[in-house]
Structure formats: C-alpha cells, structure tokens
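An overview of the molecular structure
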Amino acid sequence: MQLMNCAKRIILVLLFSIILVKAIAQHSTPDTIKAITVDKIDFDGKLTEPVWLTAPSVNNFTQRELDFGKPATEQTQVAVVYNNLALYVGVWCYQKRETIVAKFMQRDFDFDTEDNFEVIISPFNDKRNGYLFVINPNGARADALVSGQESSNIDWNGVWDAKTSVTDEGWFAEIRIPFNSLQFKKATIHNWAINFERNIRLKNEQALWQGWSRDYELENIAQAGTLTGLENIGYAKRFELKPYGLAGFEKREGDKTIYPGKAGADLNVNITPTLKLNLTANTDFAQVEADRIAVNLSRFNLFYPEKREFFLEGYQNYQFNIGGSNEVFYTRKIGIENFERVSIIAGGRLFGKIGRNNIGLLNLQTASTGSIPTTNNTVARYKRDIGAQSYIGGILTSKNSSIISNQIAGVDGAFATSKFLRNKNLVISGSLSKSFDKNKNSNNAYAWNFFIDYPNDQIDNFIGIRSIQQDFNPELGFLERKNFDNLRWFFRFTPRWFTKYGIRKMYFRPWGFELYRTHTTGELESFSNETRPLGFFTKSGERFEYNFIQQFDRLDKAFNLTDVIKIPKGKYWMYRQEIQAGTFQGRRFWIDLEYAWGGFYTGRITVLESSLGLNVNKHLNFKTDYILNKVRLPEGNVTTHEFAEYINYAFNPRFNIATFVQWNSLDDLLLGNFRLHWIPNIGSDLYVVYNRGYENLKHFSFMRPQTSAGAAKLVWRFTF
C-alpha cells in the first residue's frame, strides 16, 4: 500500500513537470514525395540515367544537430522511382570528397560513427511499424525493423541492395528494395509513410526531411512524410525458398571427432501482401555470431539478445515485455535447454497485419537430446491498433513435453502519442499475465507492469511499478529475478547550455532509482540510485560524466562470487563514484573509458572499463574491449579480467572476414570465433565458421583446445 501511495505522488510530480514544457512542431513543405514508374535502372550508384534527372525530388532538409532548425549545410536531394519488382531510392549527398567520413564496408556496420543516409518506410502507413535502411559512402548496408517510438531490432537482415559512387562533388547512391521484402496492404493506389535522415560526421550534423524535432528520432514514423505515386504494385513472386547445406566437424578433448552434415530449408509464403508464413525444417544456426560471455559479479541472470535470422523478421509481432529485460516470450529459450543446444525438427510462424490487427503465431517442435525430451513450443500474440499509435493486445504461450506443461496468458495495452502538449511524446502502458503449470500452485503466479514515460529531448521522465510473483514461471520467457514488487523512476535533464564554449548539450540525471521489495514479505530487498551532477557532450563528439551510485542489497543466503569466495547473507549499503569519458568515435582512433570505485558488500571494488577503436581504412577495423574488476573483501580478494577483440576485414560490401576473441577470467574461458561471410547474390549467403575454446587456462596449450568446431554453410534464395 505504501508503494502504491508513493507511486501516486510521483505520478503527480511527473505530470506537473510535463506541463512546464513547451515546444513548436517541426514539419516542412513539401512533405510529400512522388514516385514515378521506370522500365529499367542501370543499378550502379551513379544516378546518370535520364529518369533520375526528371523524377520529382525533395531537398528541404533541416538540421536537428548542431544548429537546430536551420537548413542543412550541405545539399541533399532524394528521388524515388519503381517498377513492378522493386522500389528505387536515388540519393545525392553533396560535399567535398576530403570531408567524407566512411570507415566501414561490411554488412551491419556501425553507422552511428560515420557519414550515412537513412531511409525509413512504413508500407502499412500505420505510424508505428516500418523498415529502416542505412547506407554509407562505401556501399555498406545496415537495417532494422521498427515498432513503436523507441523500439527497433537492428539484428534483422532484410533482402535489399545499394550501390554508391564518390566524386569530387560528394557521394551518390541507389537503393533497391524489392517489394517482396516488404509487407503492405493490397490496394490499387498506395500512400506510404517515408522519411530520410543524413548524418555528416565531420560536423556532427544531423539533418532530416521531416520531423527534425529533438524530441523524435527517425524511428518515430508518426512524424514522417508521405510517399505517393505507387500504383498496381504487388508481389510478383509470392514464395521464397531458402534451402541450405552444411558440413563440418566437432571435437571435444578426449572424444573422437565427429563430422556432422545437415540439410534443411526455410519456406516463406506471402499469403497476403500483409501476412507472411515461415515454414522451417531441420533448422540450423551454425552461422550465428558468437555471444560475448560477460563477467557476472551479481546474483542475477544475464540477458543475451536474439541473433538467429529465423526469429528476427516480424519480432515485434511476438513481443510482450513485463518490465526491464523480463519477457513473457524469449526466443532464445527455443533451441537451448540447460545450456545445451537442441535441434529444431520443424515448425512455422505466421505474422503480419490484417487491417488494424497484428498477428503473431508460432509453433516449433524441438528434438530430444540426452535427458531432454522432444518439446512443443507455441506462441499466439495479438495486438489491435487503436488510434494513431496506441494498441490493446494479448498473448498465449505453451511449452509441452513428457516432463513439463507450462502456459502463460497475458493482456496488455498502451496509449502513445507524439502530440502531447502539441508535439511531445507520451506513453502510458500496462500489462497483466499469469502462468499455469501442471500439478503446481498457480495462485501466486501473476506478473503485472504499469508505466508512464515522457521520452523527450530536454526532459526524459519515466516512472513504473511492476510485480512478478513467486510462482510466476514463463518457461518460454526470461526473468532476471522474481518474487518482487518494484518501483522505478528515472529523470534526465539535457539543456543546451554553454554552447558558445563548444558544448552541444549538458547531461544531468538528478535521480534514477529502482526499489525492490520481496513480494511475499514486503521487506526491502534491493535499491539502487544513480545521480549525475555533471555530464556533457561536446560539439566535436566527446563526452563526459560524473556519477554517484547508491545501492542496497539484502541477501537471505550467501551467494557464490567465485568458486572459493562467498558473500555472506546480510544487509548491505554500498556507495560508489564513477567517471566516464570518451572521444569522438568517428575518428580513425578513438577511446572510451569508465572508472568506478566504492563499496561492494563486505569490502570495496574498483572497476575499469575501456574500449579502443582503430579504423585502419574502409577495409580493416579493430575494436578492443577490456574490463578489470578488483574486489577486496574480508573473505578474500578477487581480480577479474574480461577481454574482447574484434577484427573485421571487408573485401567489399558483400564479402568480409570477422575474428572475435574473448577472455573471461572469472569463468576461466578463452574463446575464439572466425566467421567468413560471402553474399554471392542478395538474399543468398555462404558462411565458413570456426570456433576454438579453452576452459582451463591454468593448463593452457594453444595446440590442445578443449573444444573446436568448424562448419561451412551455403544458403541459397529462390523466389517464385
């Protein structure tokens, strides 16, 4: 009851602070771009065909950064044409050749650190779901699926292509997006939401065609312009077949080498222009990038994002978040059991839109492995669009085998708008879910979550309350912890002060706290608060922060910090200070540092985190991460090291080699991952992957890894 009363008071303070803010909408004319038809395009990135010279274009780009509201300092021009198979976007980015910053060439490059051009398209024109396409002057490509104002999945890889050229006048591009890579309503005439953004890193300039308010990101499709002129388009090819073949080896020390071979396929069927069916058989994920195994000095579970392609497209149709990283459906629970890889025999997904209805259905059968029986995994998710950006929905999940029967039922909804107080963002959201386990108590098996978020540029204010009860058990989901009630309140203030001294904006955080109490007893379990009295970003791209961190943790039983050191049960207040600083990552060499010191349970801790990047040229890039933890306790001293080295060599935008080496001293692991990726045709892929692992470094011998495995996998795309 006290928690609810406190939440009510905080909500009143939040609403009062919102009312104090005023702003003016940012939209310009023309806000419509018309696409025209074309028979043939010489797809070379040079924009020399007559159609590009006559096609309607827009060039009214306005700065969000650095000089808000002023015209872009460099001319940018965009035109759109199409034929019966694809949409083409032509881009003219004028600037001096020597001022272009383009360090990467590989797929999914780090586009936040260099010159780029971004296109966001919402074929549904529902102001909430869309596709983001990003290119740089080297022809590197990145993309994301967008859902809602702040949610996007950058691990999605769409089927599209881009070609670029660079001259003394600037850089130019053609982007080709096949219609069968998108989902859109069946109609004779189409009007889609579209927007463009250009980033010029040498100036740290960001310019948008529409919606350049600092309160919005490009992903806020509600602020986009309109693409017209599309008529009589459709899926000329409704089926996409992606068979694969794999050959490899696996070796564990002391065991014989095995040579697995495997074949399977995915079939994608566009049942309607807005509804897609994915069918899979003998699914394999050998090509997936290796996870970075982080040093974990807490007593809670770590969350690792999904990277497997099969689960990424349409991911927003299955999401049901219950606060933080807690999810009712976490796709990585399928194909992994008790830290063991489990094969997926077959299954399918159906996802998309029917009118204002968003549908996500999934059913996958996993194979038996050792003591783990074959298991059926089912998810049904529904969301109904309400108004411009709001929704109501529900979810059902089920996991069934000979030893388990677990189901989750949940309902949720959100009111979202970008027009609060004329042009501010506001989100109010809530959810309720319950788990059901065969032969288990389900009376104390609820999870609920409610929050109000005001995510805007100068003021970002979030408050939320949630509870995950003791018996809530999402077998297909992820929980960081359970049996708690939680209050969260984060407040950030970023005024544009001292700009004449080179400061882009200040970054204050008066408070950002989380309070947990044990649900069954009501006793305070843990508390954390971070206060940032000083923080800023410079116009040249540097950053600085100074933070105070206050923490409390109640341990009802000892937990193992290491194999030999235990933190005894008790109540612990801990106080820490932290300094963060970083240089502009658009430079050839950059560095990012964090240093923290203070209390840690019965003793003290010192933490150093560092990242260094070296961009030799557009082909070769290095990134090194290192984290040092020095813990001094009466129970014993602990020093941990976490090291990660990323090396990438891109021969061209379709062929790159990546090497990833990581060392985790706490878990006594040294792992290496080599990954060759060649794209012979857009949508088809060849992967060569090699992994090598050492698990007992006291007896390290490079020639005797505890585990080693390699695989070559070819995936070929057919459309018909």
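The present account deals with the structure reproduced in this document. (Residues numbered from 1 in each chain as written. Predicted model: local features only at pLDDT ≥ 70, side-chain atom pairs only at ≥ 80, totals over all residues. Heavy atoms only, no water.)

Examining the overall build of the protein
Within the protein, the regular secondary structure consists of three helices and 45 strands. In terms of C-alpha radius of gyration, the protein reaches 26 Å, essentially the compact-globule figure of 27 Å for 720 residues. When its C-alpha atoms are laid out on the principal axes, the protein stretches across 75 × 65 × 50 Å. Considering only intrachain contacts with a sequence separation of at least 6, the fraction spanning at least 24 residues in the protein is 59%. Accessible surface, the protein as shown: approximately 31700 Å² in total, 57% of it carbon and sulfur. Charged side chains of the protein number 85 positive and 74 negative; the gap between the two group centres comes to 3 Å. (Helix = DSSP H or I, 4+ residues; strand = E, 2+ residues; numbered from the N terminus. Rg over C-alpha atoms; globule rule 2.2 N^0.38 Å. Contact = heavy atoms within 4.5 Å. Areas by Shrake-Rupley, 256 points an atom, 1.4 Å probe, with all protein chains shown as cover. Lys, Arg positive; Asp, Glu negative; His and termini not counted. Charge placed at Lys NZ, Arg CZ, Asp CG, Glu CD.)

Focus: the pattern of salt bridges
Applying the stated criterion to the full structure yields 41 salt bridges. Arg107 is the salt-bridge partner of Asp108, the closest N and O atoms lying 3.4 Å from each other. Taking the relative accessible area as the measure of exposure, Asp108 reaches 33% and is therefore partly exposed. Taking the shortest distance from any N to any O, the salt bridge between Arg252 and Glu695 comes out at 3.1 Å. Placement of Arg252 in strand β16 (residues 239–252) and of Glu695 in the loop between β43 (685–694) and β44 (707–715) is noted, with a sequence separation of 443 residues between them. Three or more residues joined by partner-sharing salt bridges are found here, namely Glu65, Arg214, Asp457, Arg496, Arg504 and Lys505. (Salt bridge = Lys/Arg side-chain N within 4 Å of Asp/Glu carboxyl O. Buried < 20%, exposed > 50% of the residue type's maximum accessible area, 1.4 Å probe, protein only.)

Focus on the environment of Lys307
By the element assignment, Lys307 lies in the loop between β18 (275–283) and α3 (309–312). The class for Lys307 is partly exposed, based on a relative accessible area of 25%. Between the C-alpha atom of Lys307 and that of Glu289, which follows or precedes it by 18 residues, the distance is 7.2 Å. Apart from the residues lying within four places of it in its own chain, the contact partners of Lys307 are Val288, Glu289, Ala290, Asp291 and Leu312. Looking at Lys307, its side chain comes within polar contact range of the main-chain oxygen of Ala290, at 3.4 Å. (Polar contact = N/O pair within 3.5 Å; in protein donor to acceptor, adjacent residues only side chain to side chain.)

Quick word on the pairing of strand β24 (residues 390–400)
Across the eleven residues that make up β24, a large majority, eight, are buried. In the sheet, strand β23 (residues 375–386) pairs with β24 via eleven bridges, with the strands oriented antiparallel. From the neighbouring strand, Arg381 faces β24, where its bridge partner is Ile395. What sits between the antiparallel neighbours β23 and β24 is a turn of three residues, in which Gly387 has the positive phi angle 65°. Note that β24 and strand β25 (residues 405–420) share ten bridges and pair antiparallel. Along β25, the bridge assignment pairs Ile395 with Gly410. The hairpin turn running from β24 into β25, its antiparallel successor, is four residues long. (Pairing = 2+ DSSP bridges.)

A closer look at the nonpolar core
Ranked by size, the top nonpolar core spans 39 residues in total, and within it Leu87, Phe117, Ile175, Trp192, Phe196 and Leu227 carry the most contacts. Sorting the residues of this core by element identifies β5 (76–82), β6 (86–94), β7 (116–122), β8 (129–135), β12 (170–178), β13 (189–200) and β15 (225–231) as the ones contributing at least two each. If sequence neighbours within four positions are ignored, Leu227 has contacts with Ile33, Ala35, Val80, Leu87, His190, Asn191, Trp192 and Ile194. One finds Tyr318, Phe329, Ile395 and Ala447 within the second-largest nonpolar core, a separate group that totals 22 residues. (Core = buried A, V, L, I, M, F, W, Y, C linked by side-chain atoms within 4.5 Å.)

Some details on the environment of Ser442
As for its placement among the helices and strands, Ser442 is situated in the loop between β26 (424–437) and β27 (446–455). Considered as a pair, Ser442 and Gln470 are 28 residues apart in the sequence and their alpha carbons are 9.8 Å apart. Discounting residues that sit within four places of it in the chain, Ser442 has contacts with Lys434, Ser435 and Phe436.

Details of empty space enclosed by the protein
Applying the stated criterion to the full structure yields five cavities of 30 Å³ or more. Reported here for the second largest cavity is a volume of approximately 520 Å³. What lines the second largest cavity is a set of 32 residues, and nearest its centre among them are Glu240, Lys242, Asp266, Asn268 and Glu309. Among the secondary structure elements, those contributing two or more residues to the lining of the second largest cavity are β16, β17 (261–272), β18, α3 and β44. Here the lining of the second largest cavity is built from residues that sort into eight nonpolar, eleven polar and 13 charged. (1 Å grid on protein atoms, 1.4 Å probe; cavity = no way out; pocket = protein on both sides within 12 Å on 5 of 7 lines; lining within 4 Å. Points joined across faces, edges and corners; volume = space filled by probe spheres on them. Nonpolar A, V, L, I, M, F, W, Y, C, P; charged D, E, K, R; others polar.)

Observations concerning the packing of aromatic side chains
This structure, assessed with the given rule, holds 42 aromatic pairs. An angle of 20° between the planes, with centres 4.7 Å apart, marks the rings of Phe651 and Phe655 as stacked. Its relative accessible area of 24% is what places Phe655 among the partly exposed residues. On the basis of an interplanar angle of 25° and a centroid distance of 6.4 Å, the ring pair of Tyr694 and Phe702 is categorised as stacked. Since its relative accessible area comes to 5%, Tyr694 is described here as buried. Taken together, the aromatic side chains of Trp489, Phe491, Trp511, Phe513, Phe527, Phe552 and Trp573 make up a single cluster linked through ring pairs. A cation sits over an aromatic face here: Arg692 above Phe702, 4.7 Å from the ring centre. Geometry around Tyr244 places Lys713 over its ring, the cationic atom sitting 4.7 Å from the centre. (Phe/Tyr/Trp six-rings, centres within 6.5 Å; stacked < 30°, edge-to-face > 60°. Lys NZ or Arg CZ within 6 Å of the ring centre and 35° of its normal.)

Any functional reading would require information beyond the geometric quantities listed.
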